[in-house]
Amino acid sequence: METPKEIEALLKEKRIFKPSEDIVKDSNIKKFMDEHDIESYSELLEKASDYEWWWSENSDIIDWFEPWDRIIDKSKKPFFKWFINGKTNIAYNAVDRHIKTWRKNKVAYIWEGEPGESKKITYYDLYKEVNKFANALKSLGIKKGDRVSIYLPMILELPIAMLACAKIGAIHSVVFSGFSAKALRDRINDAEADVLVTADGFYRRGHIINLKANADEALKDAPTIRHVVVVKRAGNDIEMRSNRDIWYHDLIEGQSDECECEVMDSEDLLYILYTSGTTGKPKGVVHVHGGYAVGTATTLKYVFDLKDDDIWWCAADIGWVTGHSYIVYAPLILGATIMMYEGAPDYPKPDRLWEMVDKYGVTIFYTAPTTIRMFMKYGEEWPKRHSLKTLRLLGTVGEPINPEAWIWYYKNIGHERCPIMDTWWQTETGAFMITPLPITPLKPGSATKPFPGIDADVLNEDGKRVIGKGGYLVIKTPWPSMLRTLYKDPDRYIKTYWSKFDGVYLAGDVARMDEDGYFWIQGRSDDVLNVAGHRIGTAELESALVAHEAVAEAAVVGIPDPVKGEAIEAFVILKSGYEASPEMKDELIKHVRKEIGPIATPSRIVFVPDLPKTRSGKIMRRVVKALARGEEDIGDISTLANAEAVEAIRKSLK
Ligand code: PRX
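Here the residue index of a chain counts from 1 through its sequence in written order. Under the rules for a predicted model, residues below a pLDDT of 70 receive no local features and side-chain atom pairs below 80 are neither given nor counted, while totals for whole chains, interfaces and linings still include all residues. The side-chain quantities take in all heavy atoms of the structure and omit both hydrogens and water.

Turning to the environment of P369, a few remarks are in order. Counting through the fold element by element, P369 comes out in helix α15 (residues 369–378). The residues touching P369, leaving out its near neighbours within four places in the chain, are T396, V397, E399, P400 and I401. Here a helix means four or more residues in a row that DSSP labels H or I, a strand means two or more in a row labelled E, and each is numbered from the N terminus. We call two residues in contact when some of their heavy atoms are within 4.5 Å.

Quick look at the packing of aromatic side chains now. Paired rings are identified among Phe, Tyr and Trp, the last through its six-membered ring, by centres lying within 6.5 Å, and are further divided according to the angle between planes into stacked (under 30 degrees), edge-to-face (over 60) and tilted (the rest). Using the criterion set out here, one finds 41 aromatic pairs in the structure. On the basis of an interplanar angle of 75 degrees and a centroid distance of 5.8 Å, the ring pair of W425 and F432 is categorised as edge-to-face. Relative accessible area serves as the criterion here: at 9%, W425 is assigned to the buried category. Every member of this aromatic cluster is reached through a ring pair, and the members are F79, F80, W479, Y493, Y497, W498 and Y505. Placement of a charge over a ring requires the Lys NZ or Arg CZ to be within 6 Å of the ring centre, with the centre-to-atom vector within 35 degrees of the ring normal. Over the aromatic face of W53 sits the side chain of K47, whose NZ or CZ is 4.0 Å from the ring centroid. In this scheme, a residue with accessible area under 20% of its type's maximum is buried, one over 50% is exposed, and one in between is partly exposed, where area comes from a 1.4 Å probe on protein chains only.

As a further point, take the packing of helix α12 (residues 289–303) against helix α13 (residues 321–333). Note on method: axes are straight lines fitted to C-alpha atoms, helices fitted across the in-contact stretch only, with angles between N-to-C directions ranging 0 to 180 degrees. One can describe the packing of α12 onto α13 by two numbers: an axis separation of 8 Å at closest approach and a directional angle of 85 degrees. Between α12 and α13, the crossing angle belongs to the class labelled roughly perpendicular. Residue-level inspection shows Y292, A293, T296, A297, T299 and L300 of α12 in contact with α13, the latter providing H324, S325, Y326, Y329, A330, P331 and I333. The residue classification treats Ala, Val, Leu, Ile, Met, Phe, Trp, Tyr, Cys and Pro as nonpolar and Asp, Glu, Lys and Arg as charged. All others, Gly included, are polar. Grouping the amino acids of the contact of α12 with α13 by side-chain chemistry returns nine nonpolar, four polar and no charged. Should an angle fall under 35 degrees it is taken as roughly parallel, and over 145 as roughly antiparallel, whereas 65 to 115 is taken as roughly perpendicular and any remaining angle as oblique.

Turning our attention to the sheet that holds strand β28 (residues 565–574). Two strands form a pair only when DSSP identifies at least two bridges running between them. An order of β27-β28-β29 is seen for the three strands of this open sheet, with the pairing classed as mixed. The strands lining the two open edges of the sheet, one partner per strand, are β27 (551–561) and β29 (604–607). Direction aside, the axes of adjacent strands within the sheet are offset by 25 degrees on average. Note that β27 and β28 share 10 bridges and pair antiparallel. In the strand pairing of β28, V556 is matched with A570.

Looking now at unusual backbone geometry. K77 connects to P78 through a cis peptide bond whose omega is 10 degrees. Tracing the sequence through the fold places P78 in the loop between β1 (70–73) and β2 (81–84). Omega for the bond connecting Y347 with P348 falls within 30 degrees of zero, at 0 degrees, which places this linkage in the cis form. In this structure, D305 takes a positive phi of about 55 degrees despite not being glycine.

Another aspect to go through is the sheet that holds strand β21 (residues 456–459). Ordered by their spatial adjacency, four strands build an open sheet running β21-β22-β23-β24, and the pairing between neighbours is antiparallel. Each edge of the sheet is formed by a strand with only one pairing partner; in this case those strands are β21 and β24 (519–524). Neighbour-to-neighbour, the strand axes of the sheet open up by a mean angle of 45 degrees, direction not taken into account. As defined by bridge partners, strand β22 (residues 470–475) adjoins strand β23 (residues 505–513) across five bridges and the pair is classed as antiparallel. Residue pairing for β23: I475 is matched across the bridge by Y505.

This part covers the pairing of strand β18 (residues 364–367). A two-sided burial pattern is seen for β18, the buried positions comprising I364 and Y366 on one face and F365 and T367 on the other. Bridge count between strand β16 (residues 311–314) and β18: three bridges; the pairing is parallel. Looking at β18, one finds that W313 is bridged to F365. Alignment of β18 against strand β19 (residues 393–397), held across four bridges, turns out to be parallel. Residue pairing in the sheet places F365 in a bridge with L394 of β19.

It is worth spelling out the nonpolar core at this point. Among the nonpolar cores identified, the biggest contains 171 residues, and Y109 and F133 are the most heavily contacted of them. In this description, a nonpolar core means a group of buried Ala, Val, Leu, Ile, Met, Phe, Trp, Tyr and Cys residues linked to one another through side-chain atoms lying within 4.5 Å. Grouped together as the second largest cluster of nonpolar side chains are 29 residues, I110, M339, W354 and F375 included.

Time to look at the site of the ligand. For this purpose, a residue is taken to be near a molecule or strand whenever a single non-hydrogen atom of the residue falls within 4 Å of it. Near the ligand, the surroundings consist of 17 residues, among which D422, T423, T427, R524 and R535 are the closest. Under this definition, polar contacts are N or O atom pairs within 3.5 Å; protein pairs additionally need one hydrogen-donor-capable and one acceptor-capable atom, and for neighbouring residues in sequence, both atoms have to be side-chain atoms. Take E399: an N or O atom from its main chain is 3.3 Å from a nitrogen atom of the ligand. Residue T423 places a main-chain N or O atom 2.8 Å away from a nitrogen atom belonging to the ligand. Areas reported as accessible are Shrake-Rupley estimates using a 1.4 Å probe. Residue values count occlusion only from the protein chains shown. Expressed as a share of its isolated accessible area of 530 Å², the protein-covered part of the ligand is 96%. Only α13, β20 (420–423) and β24 provide two or more residues apiece to the shell around the ligand. Its residues assigned to classes, the shell around the ligand comprises six nonpolar, six polar and five charged.

With that settled, consider the domain arrangement of the chain. Where interface size is quoted, it is often the accessible area lost as the parts come together. These domain limits were set by an automatic method or by a database of domain assignments. Per the domain assignment, the segments making up the chain are domain 1 (4–93 + 269–523), domain 2 (122–262) and domain 3 (532–653). One C-alpha centre belongs to domain 2, the other to domain 3, and the line joining them spans 36 Å. Taken together, the contacts link seven residues of domain 2 with eight residues of domain 3. As used here, buried area is the combined drop in accessible area, with a 1.4 Å probe, of two parts when they are placed together. Across the interface of domain 2 and domain 3, roughly 500 Å² is buried in total on both sides, 54% from carbon and sulfur atoms. A pairing counts as a salt bridge when a side-chain nitrogen of Lys or Arg comes within 4 Å of a carboxyl oxygen of Asp or Glu. Connecting domain 2 to domain 3 are zero salt bridges. Between domain 2 and domain 3 we count three residue pairs in polar contact (both at pLDDT 80 or more) in total. Broken down by class, the residue content of the side of domain 2 that touches domain 3 amounts to three nonpolar, two polar and two charged.

Next up on the list: helix α5 (residues 51–58). Every α-helix winds through 3.6 residues per turn, so residues three or four apart in the chain are directed the same way. Taken together, the buried positions of α5 are occupied by Y51, W53, W54, W55 and N58. Buried residues belonging to α5 abut α3 (28–35), α4 (41–47), β1, β2 and α12.

This paragraph deals with helix α17 (residues 403–412). Counting buried positions over the 10 residues of α17 gives eight, a clear majority of the element. Those residues of α17 not exposed but buried are P403, A405, W406, I407, W408, Y409, Y410 and N412.

Mapped onto the fold, T363 is located in the loop between α14 (352–360) and β18. Along the sequence, T363 and R392 sit 29 residues apart, while their C-alpha atoms lie 5.4 Å from each other. Look past the residues within four positions of T363 in its chain and what remains in contact with it is D310, I311, T390, L391, R392 and L393.

Following this line, the structure appears as structure tokens:
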């Protein structure tokens, strides 16, 4: 392990990791620079500040059925459009075009189930499977513009279903398989989906999770769904409702393995993905075929330097944007071989992932800091059992990585040979925004600098740049993979992202820029928590709690947690007639898991007689948070209406 002194130096941002010459010399980014007579990283960023130039130079990363004639339309900002009049289809780029090349028989996915079985499918296999399911969807009456909800675990039918939707121009809305029935129902209803694709069950920590039971519960109140397609994965007992439910294998039986690709405008909708915001209602982030394809593929090509002989493993779940962009679309567009794993990363033993790295010869590995911190706790003896010799690059995403975890990852997984790409981005941005390239000197804990063509900045309340201090992280110019709107809610799109500073995208994060122009992301600036790399709104958690018959009011705050980054703590006022007991705590925890899903499990519930509020009745979460952290100084409470609540909470915490 690193000595504390070295860590101290790192924390002071003194140690810089130079780019690896071995990687730089043959890298995709170096090739681009050579072709454009660009000599240095700073020159590249400078040149790409002409973002229209940068993206037009890279727009041929995908094939166009008809070329675009203008790169961007800013006339209705912030509703930007990209690659105007271009015609394409992301599924064509991800699958069909490879069939005409030597990649036809290249492995597209290496899949491993939690129990240990594995499958490899080639691009040609994928092509046929996507076509069969696309035809199957058509047979159910699905056509361009219709919405299909997908509630599947990490099995191959998930990317296949997404690609099949894209191919026929249907809009997919994937709901993470760890979400509850209620969360699924709300997402289906907002999207007004006609079809739900789900599975009987899947494996997690040796158990079978009955996914279909959740789907059935959700469907009790999801009137738009006409058909439910069920993949048989775990063979568990489920109910199949006649006239509504059909087995996936029965549906594709006899379907043709050829299917014409729908010609899509670059601005046609590809998917909706719901993400947490500051109200109880999740936001439906909308992405489109053209710009999203260019943005995701370009970032993956240059940041992780993806090449044809790589085996790429993004160890996220496809239910989140990380998986949409970097397990499905970008790597397939690049024709990569992609690793996909069904189960828990530490099951049956804490070296499951490292065993798989050696077994399949994974060359690039990308995960969340929370996972790295979990492995740190298990100890370095687990990765030591494996050679990990094939790895050449590593990455992280989802939350800030503390320098200690960075160093642990660098030493114990990367063997001091692999640079770590700390990629900052969001569901809304679609693709990496602030991230190193293989040519970037690294500072552990910093996502370094904006990707070429991205104009990020840190502003104070007055909209002026601040250096060396925390401020609002913003993006000042548009980019192709940006969200186009919030589904059915353009006003919320404007209000959430474009209202704080005129014409500037507000990310909702606090960041600090250092003297070298490096970005240090510090966390959210709004009431959104980041628990183990997952975004959860405090308002969502609070409305789940008050939905319980015993709860009168609730305030939820995030507390620093050594593994999860943030842990959920709930301060609850019970209605009269209900008793504050350990059983009640358990019941409320169960209730939140049921309402939202296991990712939302509170780590502590505190019963309190009162909550601190402003005169207008708004709960002062900042005060609750300070109290929860045991801080003596709880900050400015001049706007607090009920000062006695502070002492009451202190007492409850004792
Ligand atoms: O707070 C930032 C954090 O995750 C948020 C985005 O969450 P989501 O849309 O769920 O997407 C997660 C995966 C892209 C951001 O607003 N975040 C993401 N990446 C980083 C990060 N915080 C610090 N460093 C990162 N590399």
